[in-house]
Amino acid sequence: MRLSRRAVLGAALGGGTLAALRGLPAAAMTAPVSGATLVLADPSVSPAFAEAVRNWTGGSVRTVAGPQTLADAARWLAAAPGRRVVGLVDDADGVLFQQMVPRGRATWLSAIHHAPRSTAGADWEIALGDGLGRMAAGRGTGGSPDAGGPLVARMSFVVAG
């Protein structure tokens, strides 16, 4: 599936999810978020990724457990200026999160789709977390190391509110 087609499907899914969520009362994050950075991580991502981001930003970490986690993160980002969300999630969740973030209320500093290349996931995730953490802290350009990748397609991003 090409990226453009995936984005269209993600937008359709995201629109349906948002329409369903609008009928529900706004849900609070399950635990308070400290600081101005929230780290979203797929359950299969190594904890070292979040630790690398946290070293630069001091952010709180949330494991993505479905669309509700993504919707909560999008609401948190839009609730106050100066907040950031850094993530390494399943590619489909990443596209869905892009659709949930209110347009014009946030700036996407980075959004990269990663294709499977090797089994060296932990080292790759640590290097990516370090780069995204620097970017979120305003001390670098972030980006993606070219040395490897996960076994499943992933999307990494940094979004500033």
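What you are looking at is a predicted structure, and each value in this text was computed from that prediction instead of being measured.

### Side note on the confidence of the model for the protein chain
Low pLDDT marks stretches whose predicted atomic positions should not be read closely. Taken over all residues, the pLDDT of the protein chain has a mean of 77, while the share at 70 or more is 68%. Confidence drops under a pLDDT of 50 for residues 8-33, and excluding neighbours within four residues, the segment shows 32 contacts in the predicted structure.

### Looking at the pattern of salt bridges
Enumeration over the complete set of coordinates arrives at 4 salt bridges. A salt bridge links arginine 75 to aspartate 72; the shortest N-O distance between them is 2.5 Å. Pair noted here: arginine 75 and aspartate 72 are both in helix α3 (residues 67-79), with a separation of 3 residues, about one helical turn. Classification of arginine 75 by relative accessible area gives partly exposed; the value is 34%.

### Regarding the sheet that holds strand β2 (residues 60-63)
Overall, mixed pairing links the 5 strands, which are arranged β2-β1-β3-β5-β4 in an open sheet. Of all the strands in the sheet, the pair left with one neighbour each is β2 and β4 (107-114). Pairs of neighbouring strands in the sheet enclose a mean axial angle of 10 degrees, with direction left out of account. Pairing of strand β1 (residues 37-41) with strand β3 (residues 84-90), which is carried by 5 bridges, proceeds in the parallel orientation. In the sheet register, leucine 40 faces β3, and the bridge partner there is glycine 87. Sitting on the sheet, helix α2 (residues 47-57) touches β1, β2 and β3, and the angle it makes with β1 is about 170 degrees.

### A look at helix α4 (residues 91-100)
Given 3.6 residues per turn, any residue in an α-helix points the same way as the ones three and four places further on. Counting buried positions over the 10 residues of α4 gives 7, a clear majority of the element. Considered for burial, the residues of α4 that qualify are Asp91, Asp93, Gly94, Val95, Leu96, Phe97 and Met100. By the N-cap criterion, in which a side-chain oxygen at the helix start approaches the backbone nitrogen of a residue two or three places on, α4 is capped by aspartate 90, the distance to alanine 92 being 3.0 Å.

### Some points on α2
Among the residues of α2, those classed as buried are Phe49, Ala50, Ala52 and Val53. Relative to the axis of α2, the buried residues are bounded by an arc of 155 degrees and lie together on one face. Exposed and facing more than 90 degrees away from the buried side of α2 are Pro47 and Asn55.

Rules behind the numbers
- Residues numbered from 1 in each chain as written.
- Predicted model: local features only at pLDDT ≥ 70, side-chain atom pairs only at ≥ 80, totals over all residues.
- Heavy atoms only, no water.
- pLDDT = per-residue confidence, 0-100.
- Contact = heavy atoms within 4.5 Å.
- Salt bridge = Lys/Arg side-chain N within 4 Å of Asp/Glu carboxyl O.
- Helix = DSSP H or I, 4+ residues; strand = E, 2+ residues; numbered from the N terminus.
- Buried < 20%, exposed > 50% of the residue type's maximum accessible area, 1.4 Å probe, protein only.
- Pairing = 2+ DSSP bridges.
- Axes fitted to C-alpha atoms, helices over the stretch in contact; angles between N-to-C directions.
- Polar contact = N/O pair within 3.5 Å; in protein donor to acceptor, adjacent residues only side chain to side chain.
- Arc of directions from axis to C-beta.

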